[in-house]
Amino acid sequence: MTNAIQVLILGILLGGVYALMASGLTLIFGVMRIVNLAHPIMVIWGAFVAYWLFRLYGLDPLLAMPLAAAFMFGVGIVLYKLVYAKEAASAKYSEMTVLLTFAVALVLDGAASTAFSNTQRVTSPPYATDAFIIGPIYIPTAQLYAGAVSIVLIGALVAFLQFTRMGYAIRATTQNRTAAGLLGVNVAFVSLITFAIGSALAGASGALVSFVFSFFPSKHWEWIAVLMSLVVLGGMGKLVGTVVGAFVLSIIAAFVGTYAGATWSTITFFLALFVILLVRPQGLFGDPIESE
Amino acid sequence: MAELLEVRGVTAGYGNGPSILNATSVTVRPGQIQCIIGPNGAGKSTLLKAICGVLPLREGAVMLEGERIDGLRPDQILRKGICFVPQERALFGRMTVRENLRMGGYIIDDKAEIERRIDDVLVRFPILAERAGQLAATLSGGQQQMLTMARTMIVRPRIVMLDEPSLGLAPKIVEQVYEIIQMLREEGITIVLVEQNALIGLRNADWGVVLDLGKTLFEGPAGEILADPRIQELYLGRKSKAA
Amino acid sequence: MTEQASGSGEIDKVVAARREMNRRLARSRREGRSWGFAIGFLVILALLPLLQFTGNANYVLHMALYTFMYIAMTSAWNIVGGYTGYISLGHNVFFGIGGYFSGMILAGAGVSTIITAPAAGLVAAACGVLVGLITLRVRGPSFIISSIALLMIMRIVFDNWDYVGGSNGLTVPLTSLDVRWAKIPYFYAFLAIAVLTVVASYKIKHSKFGLGLRAVSQDEVKAESAGIDTQTYKVMAFAISAFFVGMCGAVWGEYLTYIRPNIFLIILVAANMVLMAIIGGKGTVTGPIVGTILIVAFNEYMVYEFGASAINILGTGVVMLVTLMFFPHGIVGTLAKKGRLPRFLDWD
């Protein structure tokens with residue numbers, strides 16, 4: 001029984017991390033209708049920022065997190081202006097844009113591999129090997145910090161979307177881009193900001209992940225499928241769905257991992273994707289499939 | 001009467017495609033209801049999109065009271081007082097009627113003022129007032145059109161441009177839509193509308209413009225355009241007996 | 001009041017002007033195909049192994065059959081990605097299915113994969129039907145995601161399944177032919193598969209089936225309301241595509257003599273298929289051929305200059321990015337749009 005509670009808590013904490021990772025992806029899809037296949041490699045870049053700041057300056061990854069976020073915010077702006085601005089203007093989903101993100105993923109992967117080599121790394125602040133022990137429950141500190149901070153950040157994101165003017169503009173653009181544009185929303189700017197925020201979220205989650213998992217550039221391929229599954233599961237573009245899906249699936253995956261072996265825990269996400277496609281293709285919270 | 005809006009020699013098209021508008025010129029005078037008719041592909045919708053900044057111009061200029069507005073973003077043109085109601089109604093289906101109206105006041109900073117104007121509008125549109133808490137997607141086609149047009153009143157524009165307001169609506173609803181158009185005009189708003197249903201469009205307008213092949217071919221008081229035998233044969237589907 | 005001069009001659013002028021505008025906007029078609037070129041080209045290819053008599057042409061033969069394989073796979077991908085508009089980024093699951101199926105038979109019963117390739121193709125096609133029935137129900141982005149997820153699932157399963165060798169995979173015996181003739185059967189096998197695939201692609205494009213696929217790629221809802229059974233069409237296209245990719249996997253397994261998840265089931269294989277189709281011209285018949293030749297040459301150059309390192313990935317990504325941003329219709333597509341497509345490439 002205590003084992004089950006422990007697995008549950010770990011699942012929740014992991015869910016927080018995955019939810020944060022996937023939230024940027026959902027946001028970008030909602031506003032720009034772009035499936036950003038380069039999102040996971042941006043998470044890895046964020047992890048590298050935290051890693052090097054720790055290696056070179058001894059900066060705690062939790063403190064490096066805002067820096068990683070800011071760095072990726074800038075990278076997002078550059079990427080948007082260079083690559084996506086033209087496509088985003090067309091306001092309609094296009095496969096070509098997905099391929100663009102795929103190409104960007106390859107470029108970012110190749111750049112990271114060339115610069116840092118494809119070896120496994122992990123940031124190791126002193127608490128990375130500690131654990132909180134509450135009665136019989138054993139929770140690794142790294143997981144706890146990463147999960148808790150992720151959940152706080154998600155809360156901040158939701159508050160931003162709900163209570164600020166830009167958040168209002170983002171929500172309106174997600175629902176109906178044309179209408180929002182006609183009512184005075186500067187959709188081009190909203191797209192730019194959303195992409196940058198999404199990238200920043202990727203960077204932040206990367207910094208948090210850097211001391212929980214070991215990472216290397218090619219790991220992003222694994223995460224693509226996981227994050228994408230979460231986005232589809234939740235209903236494309238629905239932040240609530242993505243977050244809920246992340247927690248639910250991570251909890252299930254945690255149990256699967258404990259009782260069936262770690263390799264099978266990742267498959268949970270993919271199998272869930274296929275089940276959802278069979279049973280409810282629009283995802284948990286999505287609108288019924290209509291033509292794009 | 002001085003011109004309010006002037007479209008001068010505008011050439012425009014979509015993407016890298018051919019030019020739909022070819023050096024088109026149209027003038028809009030204040031306080032009028034102007035109806036633009038013409039066949040499919042003539043450029044009627046393209047003209048409206050070019051004016052409101054959704055489509056970039058390849059040549060020419062758009063002037064609002066002598067000031068150039070071409071090249072501005074759609075949200076900037078809205079702030080200048082030109083409101084565009086597209087064919088696809090452009091409502092937020094998952095927001096309520098009230099929230100849609102609130103969105104209509106997006107460019108207004110004073111939140112209290114927006115609420116006052118919403119209440120004002122709901123008084124004039126009792127059907128919408130009844131459904132103020134309903135999701136826009138659950139309204140009927142006619143009610144959605146009503147909502148879209150009521151929404152323009154929140155921002156108190158000078159010009160409202162409507163792209164095929166009668167599209168897909170039953171005749172009785174179309175009558176209601178045109179009553180609302182008259183209501184807008186009584187508020188002092190100048191109306192430019194594009195209609196494929198040339199008959200109903202011209203009957204309810206003051207001034208008619210015939211657009212074909214991307215150019216303004218004919219122009220005049222709506223009644224005269226309606227009665228012109230050439231127009232009747234080309235666009236209203238009547239064979240004229242007279243030479 | 002601005003009006004033109006009156007008279008019914010004016011009405012005729014407007015009608016005539018409209019007709020002229022329609023004529024200008026209509027697209028033109030070319031007559032006649034350059035069969036001479038196609039047949040001549042094939043004959044030359046078929047005679048290529050004769051080089052083996054003049055010296056060691058093993059490198060040439062290897063590059064040739066590798067190119068033939070990707071021509072077949074890219075053309076097959078094109079049927080789903082180009083004609084039907086469903087981008088599959090995990091298409092090499094069928095490559096893996098074909099490879100393992102024939103590999104197991106070869107390892108167990110000693111039957112060459114060249115003989116079992118059609119069966120492998122059918123097995124892959126059957127899997128294509130099963131998968132397609134699930135994943136083709138969703139459009140656009142969800143489909144792409146599911147294709148990647150499928151590849152990941154297969155990779156993880158095969159990495160951990162001892163029956164197929166786990167992450168070490170299968171090793172199959174080397175052919176008993178002398179090293180001078182060793183590559184030749186595979187050369188002709190891949191040449192035959194490539195020809196088959198391209199011919200099938202051509203036939204599909206010019207059939208009612210292909211027209212239906214094109215309708216699906218442009219607007220699926222409208223295609224359905226036009227009476228096209230879009231689900232069946234999509235699944236069939238997927239199965240046909242899987243068939244050819246499966247055959248390639250089967251023969252490649254024997255040629256390589258080992259079949260491992262980290263060769264057959266990595267996403268870079270799918271990425272290459274996609275890139276070759278796009279740079280050549282997605283949705284055209286000759287596009288995949290042109291694209292494959294270019295990318296294979298490019299990859300060889302990259303390996304020669306930089307070795308097989310991460311720079312390859314970077315280079316592939318940059319090429320894809322530039323192509324998508326500036327030549328989204330690929331070489332064949334862009335030339336066709338400008339009306340400059342040479343006859344020997346125009347089979348659309």
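Relevant structure appears above.
This structure is a prediction, so every number in the text was calculated from the model and none was measured.

Rules of the game
- Residues numbered from 1 in each chain as written.
- Chains lettered and ligands numbered in written order.
- Predicted model: local features only at pLDDT ≥ 70, side-chain atom pairs only at ≥ 80, totals over all residues.
- Pairing = 2+ DSSP bridges.
- Helix = DSSP H or I, 4+ residues; strand = E, 2+ residues; numbered from the N terminus.
- Contact = placed C-beta atoms within 7 Å.
- Axes fitted to C-alpha atoms, helices over the stretch in contact; angles between N-to-C directions.
- Left-handed = near helix turned anticlockwise from the far one by under 90°.
- Nonpolar A, V, L, I, M, F, W, Y, C, P; charged D, E, K, R; others polar.
- Buried ≥ 20, exposed ≤ 12 C-beta atoms within 10 Å, placed from the backbone.
- Right-handed = clockwise from strand over helix to strand, strands pointing away.

(A) Here's a closer look at the sheet that holds strand E5 (residues 67–68) of chain B. Residues and elements named next belong to chain B. Taken in spatial order, the 4 strands make up an open sheet running E2-E1-E4-E5, and their pairing is antiparallel. One side of each edge strand has no neighbouring strand; the edge strands of this open sheet are strand E2 (19–28) and E5. Note: strand E1 (residues 5–13) against strand E4 (residues 59–64), 5 bridges, orientation antiparallel. Each bridged residue has a counterpart across the sheet, and for Arg8 the counterpart in E4 is Ala61. On top of the sheet, helix H1 (residues 44–51) reaches E1, E2 and E4; it is set at about 70 degrees to E2, its chief contact.

(B) Inspection of the sheet that holds strand E8 (residues 190–194) of chain B at higher detail. Residues and elements named next belong to chain B. The strand order E6-E7-E8-E3-E9-E10 describes an open sheet built from 6 strands, whose pairing is mixed. In the strand order of this sheet, the two ends are held by strand E6 (82–85) and strand E10 (215–221), each with one partner. Ignoring strand direction, the axes of neighbouring strands in this sheet form an average angle of 15 degrees. Across 4 bridges, strand E3 (residues 33–37) lies against E8 in parallel orientation. Bridged to Gln34 within E8 is Val192. Helix H7 (residues 171–186) contacts E3, strand E7 (159–163) and E8 of the sheet and is inclined by roughly 150 degrees relative to E8.

(C) Examining the packing of helix H9 (residues 220–234) of chain A against helix H11 (residues 262–279) of chain A more closely. Residues and elements named next belong to chain A. Contact pair H9 / H11: the axes reach a minimum separation of 9 Å and the direction vectors enclose 35 degrees. In this structure, H9 meets H11 at a crossing whose hand is left-handed. Two secondary-structure elements touch here, H9 through Glu222, Ala225, Val226, Ser229, Val232 and Leu233 and H11 through Thr266, Phe269, Phe270, Ala272, Leu273 and Ile276. Residues belonging to the contact of H9 with H11 are distributed by class as follows: 9 nonpolar, 2 polar and 1 charged.

(D) View of the pairing of E8(B). Residues and elements named next belong to chain B. Of all 5 residues in E8, 5 are buried, a share of seventy percent or more. Both E7 and E8 contribute to a ladder of 5 bridges, which runs parallel. Among the inter-strand pairings, Asp163 is bridged to a residue of E8, identified as Val194. What joins E7 to E8 is H7, and the crossover it makes is right-handed.

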